[in-house]
Amino acid sequence: MSYCTINSLILMFPSSSFRHYKKRCQGRMRKHVGDLCLQAGMLQDALVHYHMAVELLRSVNDFLWLGAALEGLCSASVIFHYPGGTAGKASGRKPSLAQGQGQAADAGKRHRPGKQHSPLCALTANGISADTSSEIGRAKNCLGPEDIIEKYKEAISYYGKYKNAGVIELEACVKAVRVLAIQKRAMEASEFLQNAVYINLGQLSEEEKIQRYSILSELYHLIGFHRKSAFFKRVAAMQCVAPTIPEPGWRACYKLLLETLPGYSLSLDPKDFSKGSHRGWAAVQMRLLHELVYASRRMGNPGLSVRHLSFLLQTMLDFLSDQEKKEVTQSLENYTSKCPGGMEVLTLPDGLKLPPVAFTKLPIIRSVKLLDLPVSLRPHKQKGLLENNMSTKSPFIYSPIIMHTRGEERNKKIEFQWVQGEVCEVQLMVYNPMPFELRVEHMGLLTSGVEFEALPAALSLPAESGLYPVTLVGVPRTAGNITVNGYHTSVFGVTSDCLLEGLPSVLTSGCVVEVIPSLPRLQLSTSLPRSAHPLQPSKEELSSSVSVQLFNGETQHLTITLENIGSEDLETLEVASKTCNTKEKLFGEFLSWDLDEAVSQLPLKPGQSVTLTVNIKVRLDFSGGENLLQDLNDDGISVTGLPISSPLRQVLKPRAETKPLGSESSKTDYNHVKTLEAVMTFKYSGGAGKVEGYYRDLTLGVHVDIEPSVFFTRVSTLPATRTRQCHLLLDVFNSTEHELTVSANNNQDLVLHASECQRMAIQVDKFDFDTLPQPDQEALRYTNPKLLEEERLHAQASMINSTLGITWNIISFGEASVEGVLNQLVLEHLQLAPLQWDVVVNGKPCDCDLIADCRVGDAVPLEVKLTNRSKNAVGPFALTVVPFQDYQNGVQNYDLQDAVTFIGSNTFYIDTVKPTENSVCMGALLFLYTGDFYLNIKFQDDSAGQGKELPPSWFGLPSVHIKALEAPIEAGA
């Protein structure tokens, strides 16, 4: 400046004003030189000039330039302390000022107050090198970390004094926040940002507003205020579609809204919401999701709208009100009518991938249970082919510590099996959380391991229903291990694949089951009606059951039809039966059949059928029923035996005379019904399953109600005229309400009226029980003697019953069994004695009803033969023959010395007779007068040494009746 110019200036201002002006010019010059040094990388010189500028400008109250000088001082100090820059990670080393002076050329460009600054400007210098000044000088002129912030505050306060300095005030705030972020002083940084929010920048364009809010969002994110950052990011997004913008930027709005999601603890992956409790403010999150739905719709991408709305419904269902649930579902249905939702991953233009959303809460699944096949379709493994399922994971047989997780339970293999080609079922317990009826379409199973054909189902769940069972079905087409991974649904037009591994709260007993090769399938039908009540004693599940009512002794034919309704040939068929209630004593076979004809028709092709006839024969013992016997006693009938002199027919008194009409007993009368139940098992196999050792079985329950027909109140015996025969006396009672006819072999029919009792006498040959099969030595050794005795008595009674052949006939035909009433005494009387005695008179076998003829004066030969059929040797015996006459009036005459004489001795001696051998002794008699004579053959007392040890029935010798006739007169006499 020339001397004249200076003088002119001195003349213009007073001395004090001139000094003030001079200092202001010097201070501003120092600030400007500091900026140049900072740009040139001379950090030490810049610090010196900034310090001098601050001192000069503070003395003249030049606040705008003072703030700029303080900001420059702070910037130079920041470069020294944080050579890595405030935008990146600070380095722990202080570099030399001489390194790379040219790298900091732009460091001071933004500190000139005469230049208009953008609100987005920030200190972005990286790697500033310092000059060669000494370390002492740098430490003296550089501000400390705390002083930097204080100087920034002072500079911002000076900027605030000027209305038009809002831009540089905002820039200073931004720089201070970045420094505080490095110093990890978030609360102080938030105060600077809060001040920056309220800085008036005048009229800004829409783009500048968006940039301002975006920068604020980034700074809040930098200091860790994520929700505050998300707030300003959302404000920037809304600014993109402000009403004042002629062409709203919906794509930019959508992009900014996506960036706000982490700040509100919101993720677009549904898996993040299944991990524990909900995070974040649900109301704000729902508002943001609604804005995403609206923005995507305005973008013209309905698929994106469906995805966000599905996500909203799935993750925020618990926070939606009933009205909001209805509105969201209606909106979703409107969107899906144009663009159905699926399980594909959506990729946005910027590369962001949106995972699929599965409706695991529509409906909510509480448990998953794989169901076993029905009883008639369950496969069974042949015995001896069962696999060894012992686990080798632990050397201990038992451990009280069971370490398992839901995942292990889900992968556990279930014990039962499914069959290839058969419909399998999985039961889900579902719950509808919606306040309206929920319609689920195309709900099916998701499986792996084998080829599986899922059969989708459609269901409608009532509003807010409780647990509701839903059964999903499918057909495995190949054999192997199948895993049920989950289920798929279609709700509100959105298709969902719900995997169980993503539902840890779902209870399951295992989702892995073995599918065995295919087996034939039989359908059973019967000629009898189906039973209305299950078998009570039987704990097993039955495929089917029939019921029939029979009289005791009646036989019913049951025709069973087995139809092969499967796809495999029936190759094997076995039939067995088991009586359920064994408290009733049953005589004979309850169920009998002939399987040969049915087996001859195998293999049975699909669609073919085979029939089997089963005979249901019931023979129970009603004679021992206490109630029935009591009823008989009440009516005056003796149940302990009718005397021989009593009339043959005695009629019971009517029940109405003895019991009131309304009593319970009068309703039942003699209807003491017994029940007999059995289970028939049809075991069959074929196809590939048979090769693997599997079979199926059908079970048929047979329920028979048995009414008493005829039964025997008493049984006794009388000797017959022949020693090898006897009379069996049976008191027969008709307990039915019908008149019936009782028949027996070689006996007259007996007609019994309702509730009538009569005596039946049947003459029978004595029975040789030794011909019955005898148990072997092993059975005698290991079997209970009491049981052997019961089996022996049962065999004897069965032999007697089959010989008698007692039957009855009402409308139907049946048998009457005496097996239950035969006691030991009766059996002994009916048994053929092991010692067989034969008496022959004059060459003619004799018994009581046979009369031998002879002539007076002729010698009559007498022969006694003993045959030993016992197991031991018998004898010797001494027999005495005593003749007598019976006058048929109770008087017998033994004084016949003048009428009958013996040729020889009247005593016969029999030596020891071994088993299966015989002994014969001979004698003769001479009759002197005509008449009827009887011979009484008895044992002598002195010869019964061994005989006394044998039963008396063994010595039953027949009585001999001889008729002596007049000798013919010889011609010419």
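You'll find the structure just up there.
Residues numbered from 1 in each chain as written. Predicted model: local features only at pLDDT ≥ 70, side-chain atom pairs only at ≥ 80, totals over all residues. Heavy atoms only, no water.

Draft legend 1. Main features of the overall build of the chain. A count of helical and extended segments in the chain gives 23 helices and 41 strands. Out of the 973 residues belonging to the chain, those deemed buried represent 46%. Taken as a whole, the chain presents about 49900 Å² of accessible surface, with 51% of it coming from carbon and sulfur. (Helix = DSSP H or I, 4+ residues; strand = E, 2+ residues; numbered from the N terminus. Buried < 20%, exposed > 50% of the residue type's maximum accessible area, 1.4 Å probe, protein only. Areas by Shrake-Rupley, 256 points an atom, 1.4 Å probe, with all protein chains shown as cover.)

Draft legend 2. Spatial organisation of the sheet that holds strand β20 (residues 609-617). In space, the four strands of this open sheet follow the order β15-β17-β20-β19, with antiparallel pairing throughout. A single partner strand is all that each edge strand has here, and the edge strands are β15 (522-526) and β19 (591-593). With direction set aside, neighbouring strand axes in the sheet form an average angle of 30 degrees. When strand β17 (residues 555-564) meets β20, the two strands line up antiparallel, connected through nine bridges. Its bridge partner being in β20, Leu 562 is matched across the sheet by Val 610. (Pairing = 2+ DSSP bridges. Axes fitted to C-alpha atoms, helices over the stretch in contact; angles between N-to-C directions.)

Draft legend 3. Here's a closer look at helix α14 (residues 322-338). The end-to-end C-alpha distance of α14 is 25 Å, a good match for the 24 Å that 17 residues give at a rise of 1.5 Å each. Buried positions along α14 lie against α12 (282-298), α13 (302-315) and β12 (494-499). (Expected span 1.5 Å × (residues − 1). Contact = heavy atoms within 4.5 Å.)

Draft legend 4. Just the pattern of salt bridges, in detail. Tallied over the entire structure, the rule returns 21 salt bridges. Note that Lys 175 is salt-bridged to Glu 171, the shortest N-O span being 3.5 Å. Remark: Glu 171 and Lys 175 occur in helix α7 (residues 166-182); sequence separation between them is four residues, near one turn of the helix. Both residues of the pair, Lys 175 and Glu 171, belong to the buried class. In this structure, Glu 422 and Arg 521 form a salt bridge, with 3.5 Å as the shortest nitrogen-oxygen distance. Within this pair, whereas Glu 422 is found in the loop between β5 (413-419) and β6 (424-431), its partner Arg 521 is found in the loop between β14 (512-516) and β15, the two being separated by 99 residues in sequence. Taking the relative accessible area as the measure of exposure, Glu 422 reaches 8% and is therefore buried. Through salt bridges that share partners, Arg 58, Lys 151 and Glu 154 make up one connected network. (Salt bridge = Lys/Arg side-chain N within 4 Å of Asp/Glu carboxyl O.)

Draft legend 5. Structural detail: the packing of aromatic side chains. The full count for this structure, using the stated rule, is 11 aromatic pairs. Consider the rings of Tyr 213 and Phe 232, whose centres lie 6.5 Å apart with planes at 20 degrees: the pair is stacked. Of this pair, Tyr 213 sits in helix α9 (residues 206-222) while Phe 232 sits in helix α10 (residues 226-240), and the two are 19 residues apart along the sequence. Overall, Tyr 213 belongs to the partly exposed group, its relative accessible area being 21%. Accessibility expressed as a relative area gives 6% for Phe 232, which makes it buried. Every member of this aromatic cluster is reached through a ring pair, and the members are Tyr 213, Tyr 220, Phe 225, Phe 231 and Phe 232. The lysine or arginine in question, Lys 161, covers the ring of Phe 63, its NZ or CZ lying 5.4 Å from the ring centre. A cation sits over an aromatic face here: Arg 227 above Trp 281, 4.6 Å from the ring centre. (Phe/Tyr/Trp six-rings, centres within 6.5 Å; stacked < 30°, edge-to-face > 60°. Lys NZ or Arg CZ within 6 Å of the ring centre and 35° of its normal.)

Draft legend 6. Structural detail: the packing of α7 against helix α8 (residues 186-197). Interhelical geometry of α7 versus α8 gives an angle of 165 degrees and a closest axis separation of 9 Å. In terms of orientation, α7 and α8 fall into the roughly antiparallel class. Considering the relative orientation of α7 and α8, their crossing is left-handed. Residue-level inspection shows Glu 169, Leu 170, Cys 173, Ala 176, Val 177 and Leu 180 of α7 in contact with α8, the latter providing Glu 188, Ala 189, Phe 192, Leu 193, Asn 195 and Ala 196. In terms of residue class, the contact of α7 with α8 is made up of nine nonpolar, one polar and two charged. (Parallel < 35°, antiparallel > 145°, perpendicular 65-115°, else oblique. Left-handed = near helix turned anticlockwise from the far one by under 90°. Nonpolar A, V, L, I, M, F, W, Y, C, P; charged D, E, K, R; others polar.)

Draft legend 7. Molecular detail of the environment of Val 177. Turning to its location among the elements, Val 177 is positioned in helix α7. Among the residues examined, Val 177 registers a relative accessible area of 0% and is labelled buried. Remark: the alpha-carbon pair of Val 177 and Leu 222, spanning 45 residues in sequence, is separated by 8.9 Å. Filtering out sequence-adjacent residues up to four positions away, Val 177 remains in contact with Ala 189, Phe 192, Leu 193, Leu 219 and Ile 223.

Draft legend 8. Representation of helix α3 (residues 43-59) within the structure. Its 17 residues place the ends of α3 25 Å apart at the C-alpha level, agreeing with the 24 Å of an ideal helix rising 1.5 Å per residue. A positive backbone phi angle near 55 degrees is found at Asn 61, which sits one or two residues after α3.

In short, geometric facts, not functional conclusions.
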